[in-house]
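Survey of secondary and tertiary structure
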Amino acid sequence: MRQAFERIAVPALALLASALLFALLLAAYAQVDPFEAFELMYEGAFGSWFSWQNTLTRAAPLILASLCTALPARLGLVIIGNEGALVLGGLAAAAAGVAMGRAPPLLVQVAMCLSGMLLGGLWIALAGALRQWRGVNETISSLLLTYIAIALMNHFVEGPLRDPESLNKPSTAAIGDANTIGTIPGMDVHWGLAFGVVACLLVYLLQRFTTWGFAMQVIGGNPKTARMMGLDVGRYVILACAAGGAAAGLAGTVEVAAVLGRANASLAVGYGYAGILVAFLARHHPLAIVPVAILLGGISASGGLLQRRLDLPDAAVVVLQGIIFVAILASETLYGRLLPRKQES
Amino acid sequence: MSDNLRIGRRGLLGAAAGTAAFGLSGLALAQKPLVVGFIYVGPRDDYGYNQAHAEAAAVLKKMAGLKVVEEEKVPETVAVEKSMESMINLDGATLLFPTSFGYFDPHMLKEAAKNSKIQFRHCGGLWQEGKHPKNTGSYFGYIDECQYLNGMAAGSVSKSGKLGFVAAKPIPQVLRNINAFTMGAHSVNPKISTQVIFTGDWSMPVKEAEATNSMIAQGVDVVTCHVDSPKVVIETAERAGIFTCGYHCNQAKLAPKGYLTGAEWNWEKVYTSFVDSMKKGEAPGNFVRGGLKEGFVKTSAYGPAVPAEARAKAEAVKQQMLGGSYVIFKGPLKDNKGNSVIAAGTSHAQTDPVLESMNYLVEGVVGSTS
Amino acid sequence: MAESPLGIWSVPLAMLAGAIRVSTPFIFVSVGECLTERSGRINLGLEGTLVMGAMSAYGVALGTEWPWLGVLVAAGVGLLLGALHAGICQLPRVNDIATGIGLMLFATGLAFFLGKPFIQPKAPNLGAIELGWWSSIPQVRQALQVNWLFVLGIALAFALAWALRNTRWGLIVRLAGENIDAALAMGVSVGRVRLIATSIGGAFAGIGGAFLSLYYPGSWNEGLSSGQGLMAVALVIFARWDPVRCLWASLLFGAAGALSPALQSIGVTQGYYLFSAAPYVLTLALMVATCSPERSLRGAPGELGAVK
């Protein structure tokens, strides 16, 4: 009872506090009526079916991308290479899609997903392997690998894999309309959303009900104990990294197969970095990732309306996101302290 | 249920849009302002590409019976699709200007298919009859004419015979500018070379400054650029005491000593004509191009460093361009690897679409396209 | 085509020049973060602090025509952001890595939000000191143009290294970072030490930002930092928590970053994306070569990243 109350009340308090702070900034600096701004934000993010679809579309890549941080985090690793895995995943998917050409679409789609996941997985597994065998800090190596991945993608897109027809937006050849992954029936949101939700559910079930999940929990809790129990820590580290990278690679694949239709620099627009944020905010819990991503998607979906109606700069929503995140993180401290503690025997 | 609602809403708006766009009812036109949406890829006040568009949008804002909605810093992803949809569904926009290269395919084409009653006009894309939807189109200016004039001014003042060009990516529009700039310089001094440095992206201030400095170290004494915001390049060059030519907007204020002249957009001209046709109930043109003659582009006033003789030479060419008789790209023309790219006797007028898929750098340019 | 008198030698010279021009923000952020991490706290939000510093310095320089006041204000803004981070992380159960990421977003957003009016105007810049007066080669003279902040950054790195080793105050910082229990037993207020260390680290990052907007590249816009603060924080791990090594790492990183434009300017133009990735490849390669599972975390403060 007490826990359930806190789970609702603490984030609600944090959101309320952020709204107040943001309102203050709007009223004092931008001279905008905060109530009007909040009303518009609601309209832009959740006010209609159109807005909901807008929000969900923006949330979709974040869900998959955040798993790249959340999965290895179970073992105590801090991986921030999401963007790199996503970008290379997209590149691999496009290469596969173009190479397979006229094969049956389903086959091409499966091949694209597999190659995207494979390359993304390998990329982050590299960070895991370097940590395990060479002792290289995985946070810095995954960040470096991201910059290298983006450079590689740009090199291939503007060099060896460039379609001369792509003129002013250098891109690989198109994968073809037949091979694109469409939208979920009944809504104008691509399949990336479903992939993300399913992936989170799968991860949750794996972590909760399998020996693997338990082993990972042990390693995350105390690697020394885990080694004494005879667990092969290195294998789990590399596996978790690979799985996380594969999720980000799949996010890149979906960008190519459902949105862009080809690989180009639009893959590197920051979904990976936003994914890191989502993972930390969700405390790496796979089921919390989905609502956090939707919250983030909603805020960015509402940004356009704030720009158009109130003439606020695009950065207004970034400020709000920042305030909300800091407030929610700081509010963690309130758990167990919100209600006066009952006498415990 | 909600799906039906959506169709209902969009159908309604579509109908309203239809009347506004094609003027079936003068009454509807008088009551409902025409809503025009602008989407920029970067900040509106960047002293460059986006500012050039935003300045024109500001002119439209003052027109009666017109409402302008704007969004800045929209990435070339599904985000721009959603921004367009949002402008259509929530603001009732019937004419949209997504202004960045990467918005065209697939994003704008996708939205055009979904919203057949809405007019989409894209800056820079290569619209083709039969291949692209009727409610879409593209417009662009032959700014290479101004770059040619930039090159003439640069060529006359350069002492080292080395010019510098800081560019984002080797795409046709950029290559065409680099080539025109170099050919302009060659017309006054055939020995001149242009050094190109690609930074890899449209807005990379530190790399742009580094590129400018490394060229200065190599003895380059005039630089120009094709990146989203020329501010850093121009300021860095001015500080080092070398000459600059502007791009996108007038940057004379940033370099009072070294600014020679500049290639500027004049989008106001294009946008007002689009809006006029919408108001008359006609669909705006699908493939709209123009240079100095049509007033789509203009040059900055000459800076103090350009000698009178050089001005006169450049002005003479500019007059021919204004008259529509000057051809920049004509054979025989070789690329910088020695291959012939335009055969002797062939000449490509500015309107020739072949020029819009340029993939070479002409003789005299130091750099490579990949 | 007239060849440069230096020929191929212009590349290392350009890299030296690049190191001097580009490295300053990395030096300030990494040295500041080094102090913060030695006290047992990670501040990943310095990217945001850097951008806030750049924006506020530019705004102040624009308004007062006095760029050094801008530097001072940037340091103050950085100090406040650092203190905010420390204050939040001090609450029980709050994770410092996550808070850092949140504050990075907040500070970057706030800088973009408040900085819109400063994108266009031109503010006065910090001047340069000409250290190349002795040379007649213009490239050398250009390479040796340095800013006082660069000199200050180098001095700070050495001063911090010395202070951490030899002063009572340095000992207290290290104690707070190595072992909370021992620190508490000695009567050290760990919270206060970390608050001060994080605030100073933030102030350093703010100054680094001022360098970006007021000296090189010397104007305010939203692409100004593009990850330099984040990379600088990563360099601290690379430098194994030693301020002087942070300095070398920053210089090396800056030099590698100058490789791509330098090569292009002498006509080596193919694969420039790959050359642009040189700093990252080099850093990674050096880490792989120098680390080993046994000694990778040598020098790491004991309390760093401890899960609460």
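Above: the structure in question.
Residues numbered from 1 in each chain as written. Chains lettered and ligands numbered in written order. Predicted model: local features only at pLDDT ≥ 70, side-chain atom pairs only at ≥ 80, totals over all residues. Heavy atoms only, no water.

When its secondary structure is counted, chain C shows 14 helices and two strands. Against the globule reference of 19 Å for 308 residues, chain C gives a C-alpha radius of gyration of 20 Å, in line with a compact fold. By the burial criterion, 63% of the 308 residues in chain C qualify as buried. Counted over contacts in chain C with a minimum sequence separation of 6, partners at least 24 positions apart contribute 77%. Entry remark: accessible area of chain C is about 11,400 Å², with carbon and sulfur atoms responsible for 69%. Counting 17 positive and 13 negative side-chain charges, chain C places the averaged centre of each group 5 Å from the other. (Helix = DSSP H or I, 4+ residues; strand = E, 2+ residues; numbered from the N terminus. Rg over C-alpha atoms; globule rule 2.2 N^0.38 Å. Buried < 20%, exposed > 50% of the residue type's maximum accessible area, 1.4 Å probe, protein only. Contact = heavy atoms within 4.5 Å. Areas by Shrake-Rupley, 256 points an atom, 1.4 Å probe, with all protein chains shown as cover. Lys, Arg positive; Asp, Glu negative; His and termini not counted. Charge placed at Lys NZ, Arg CZ, Asp CG, Glu CD.)

Moving on: the sheet that holds strand S11 (residues 287-290) of chain B. Residue and element names in this part refer to chain B. Read from one edge to the other, the open sheet built from six strands follows the order S2-S1-S3-S4-S5-S11, with strand pairing classed as parallel. Of all strands in the sheet, those bounded by a partner on one side alone are strand S2 (66-71) and S11. Neighbour to neighbour, the strand axes of the sheet diverge by 20° on average, direction disregarded. (Pairing = 2+ DSSP bridges. Axes fitted to C-alpha atoms, helices over the stretch in contact; angles between N-to-C directions.)

Residues and elements named next belong to chain A. Considering the arrangement of structural elements, one finds Trp191 in the loop between helix H6 (138-158) and helix H7 (192-209). Residue Trp191 is classed as partly exposed on the basis of its relative accessible area, which comes to 32%. In the structure, Trp191 is positioned 134 residues away from Thr57 in sequence and 9.3 Å away in space, judged by C-alpha atoms. Here the side chain of Trp191 touches Thr183 through a polar contact of 3.4 Å, landing on its backbone oxygen. (Polar contact = N/O pair within 3.5 Å; in protein donor to acceptor, adjacent residues only side chain to side chain.)

Once that is clear, we can look at the pairing of strand S6 (residues 162-167) of chain B. All names here are of chain B. Taking burial as the measure, the six residues of S6 include six buried ones, the bulk of the element. Along S6, one buried face is formed by Lys162, Gly164 and Val166 and the opposite face, lined by Leu163, Phe165 and Ala167, is buried too. Alignment of S6 against strand S7 (residues 193-198), held across six bridges, turns out to be parallel. Considered in S7, the bridge of Leu163 is made with Thr194. You can see the chain leave S6, run along helix H7 (residues 172-188) and come back into S7, and the turn it takes is right-handed. Of the strand pairs in this sheet, S6 and strand S8 (residues 222-226) are connected by five bridges, and their pairing is parallel. Residue pairing across strands places Phe165 opposite Thr224, the latter belonging to S8. (Right-handed = clockwise from strand over helix to strand, strands pointing away.)

The next point concerns the sheet that holds S7(B). All names here are of chain B. Read across the open sheet, the seven strands follow the order S12-S10-S9-S8-S6-S7-S17; overall the sheet is mixed. Of all strands in the sheet, those with a lone pairing partner are strand S12 (297-299) and strand S17 (365-366), marking the two edges. Lying on the sheet, helix H8 (residues 205-217) is in contact with S6, S7 and S8; it crosses S6 at an angle near 165°. Along the sheet, helix H9 (residues 231-240) makes contact with S6, S8, strand S9 (243-248) and strand S10 (259-265), crossing S9 at roughly 170°.

This brings us to the interface of chain B and chain C. Taken residue by residue, the interface counts 37 residues in chain B and 41 residues in chain C. Carbon and sulfur atoms make up 50% of the surface buried where chain B meets chain C, a total of about 3,300 Å² over both sides. Taken together, the links from chain B to chain C amount to four salt bridges. In this structure, the salt-bridge partner of C:Glu222 is B:Lys73, at a minimum N-O distance of 2.5 Å. Where chain B packs against chain C, one counts 14 residue pairs in polar contact (both at pLDDT 80 or more). Secondary-structure elements contributing two or more residues to the side of chain B that touches chain C are S7, H8 and H9 of chain B. Grouping the amino acids of the side of chain B that touches chain C by side-chain chemistry returns 15 nonpolar, 10 polar and 12 charged. (Buried area = accessible area lost by both parts, 1.4 Å probe. Salt bridge = Lys/Arg side-chain N within 4 Å of Asp/Glu carboxyl O. Nonpolar A, V, L, I, M, F, W, Y, C, P; charged D, E, K, R; others polar.)

With that settled, the discussion passes to the pairing of S8(B). Residue and element names in this part refer to chain B. With five of five residues buried, S8 is to be regarded as a mostly interior element. Of the two faces of S8, the one carrying Val222, Thr224 and His226 and the one carrying Val223 and Cys225 are both buried. Relative to S9, S8 is paired through two bridges, and the arrangement is parallel. Across the sheet, residue Val223 finds its bridge partner in S9, namely Thr244.

In this model, the second largest pocket occupies a volume close to 790 Å³. Lining of the second largest pocket is provided by 36 residues; of these, A:Pro164, A:Glu165, A:Ser166, A:Leu167 and A:Asn168 occupy positions nearest its centre. Mapped by element, the contributors of at least two residues to the lining of the second largest pocket are helix H5 (104-114) and H7 of chain B. (1 Å grid on protein atoms, 1.4 Å probe; cavity = no way out; pocket = protein on both sides within 12 Å on 5 of 7 lines; lining within 4 Å. Points joined across faces, edges and corners; volume = space filled by probe spheres on them.)

It is worth spelling out the interface of chain A and chain C at this point. Counting residues at the interface gives 45 residues for chain A and 44 residues for chain C. Summed over the three residues of chain A that lose the most area to chain C, namely A:Arg134, A:Leu144 and A:Tyr147, the buried surface amounts to 14% of that side. Between the two partners, chain A and chain C, sit one salt bridge. Where A:Asp314 meets C:Lys116, a salt bridge forms, and the shortest distance between an N and an O atom there is 2.8 Å. Within the residue set of the side of chain A that touches chain C, elements represented by two or more residues are helix H1 (2-30), helix H5 (105-134), H6, helix H11 (271-281) and helix H13 (315-331) of chain A. Broken down by element, the residue count for the side of chain A that touches chain C peaks at 12 residues, all from H6(A). When grouped by side-chain class, the residues that make up the side of chain A that touches chain C number 30 nonpolar, nine polar and six charged.

In this section: the packing of helix H10 (residues 228-238) of chain C against helix H14 (residues 278-290) of chain C. Residues and elements named next belong to chain C. The geometry of H10 relative to H14 is characterised by a closest axis approach of 11 Å and an angle of 20° between their N-to-C directions. Comparing the axis directions of H10 and H14 gives the class roughly parallel. For the pair H10 and H14, the sense of crossing is left-handed. Packed against H10, whose contacting residues are Met231, Leu235 and Phe238, the element H14 presents Tyr280, Thr283, Leu286 and Met287 at the interface. (Parallel < 35°, antiparallel > 145°, perpendicular 65-115°, else oblique. Left-handed = near helix turned anticlockwise from the far one by under 90°.)

This part takes up unusual backbone geometry. Between B:Gly331 and the following residue, B:Pro332, the backbone shows a cis peptide bond with an omega angle of -5°. Along the chain, B:Pro332 turns up in the loop between strand S13 (329-330) and strand S14 (333-334). Along the chain, C:Tyr216 connects to C:Pro217 via a cis peptide bond; the corresponding omega equals 0°. Structurally, the position occupied by C:Pro217 is in the loop between helix H9 (190-214) and H10. Residue A:His284 is not a glycine yet carries a positive backbone phi of 60°. Topologically, A:His284 is positioned in the loop between H11 and helix H12 (286-310). The buried category is assigned to A:His284, whose relative accessible area is 15%. A positive phi is found at C:Arg93, a non-glycine position, where the angle reads about 75°. In this fold, C:Arg93 is placed in the loop between helix H3 (67-90) and helix H4 (96-115). With relative accessibility at 40%, the residue C:Arg93 sits in the partly exposed group.

Bringing the pattern of salt bridges into the picture now. In a structure, side chains of opposite charge can pair up when their charged atoms sit close to one another. Scanning the entire structure with this criterion turns up 29 salt bridges over all chains. Here B:Lys114 and B:Glu111 are joined by a salt bridge, their closest N and O atoms 3.6 Å apart. In this pair, B:Lys114 and B:Glu111 are both assigned in helix H5, three residues apart and thus about one turn of the helix distant. Judged by its relative accessible area of 33%, B:Lys114 falls in the partly exposed class. Overlapping salt bridges bring together A:Asp311, A:Asp314, B:Arg44, B:Lys61, B:Glu70, B:Glu72, B:Lys73, C:Lys116 and C:Glu222 as one network.

Glancing now at the packing of aromatic side chains. Residue and element names in this part refer to chain B. The final tally for this structure, using the stated rule, is 30 aromatic pairs over all chains. Note on Phe38 and Phe97: the rings are 5.1 Å apart at their centroids and 40° apart in plane angle, and the pair reads as tilted. Of this pair, Phe38 sits in strand S1 (residues 34-39) while Phe97 sits in strand S3 (residues 95-98), and the two are 59 residues apart along the sequence. The interplanar angle of 75° and the centroid separation of 5.7 Å between the aromatic rings of Phe165 and Phe181 together place this pair among those described as edge-to-face. (Phe/Tyr/Trp six-rings, centres within 6.5 Å; stacked < 30°, edge-to-face > 60°.)

All names here are of chain C. Applying the stated criterion across every chain yields a total of zero disulfides over all chains. Of all cysteine sulfurs, the one in Cys34 lies closest to Cys89, which takes part in no disulfide; the gap is 18 Å. A disulfide-free cysteine, Cys246 has its sulfur positioned 4.1 Å from the sulfur of Cys34, the nearest such atom. Of the residues examined, Cys246 reaches a relative accessible area of 0% and is grouped as buried. (Disulfide = S-S within 2.5 Å.)

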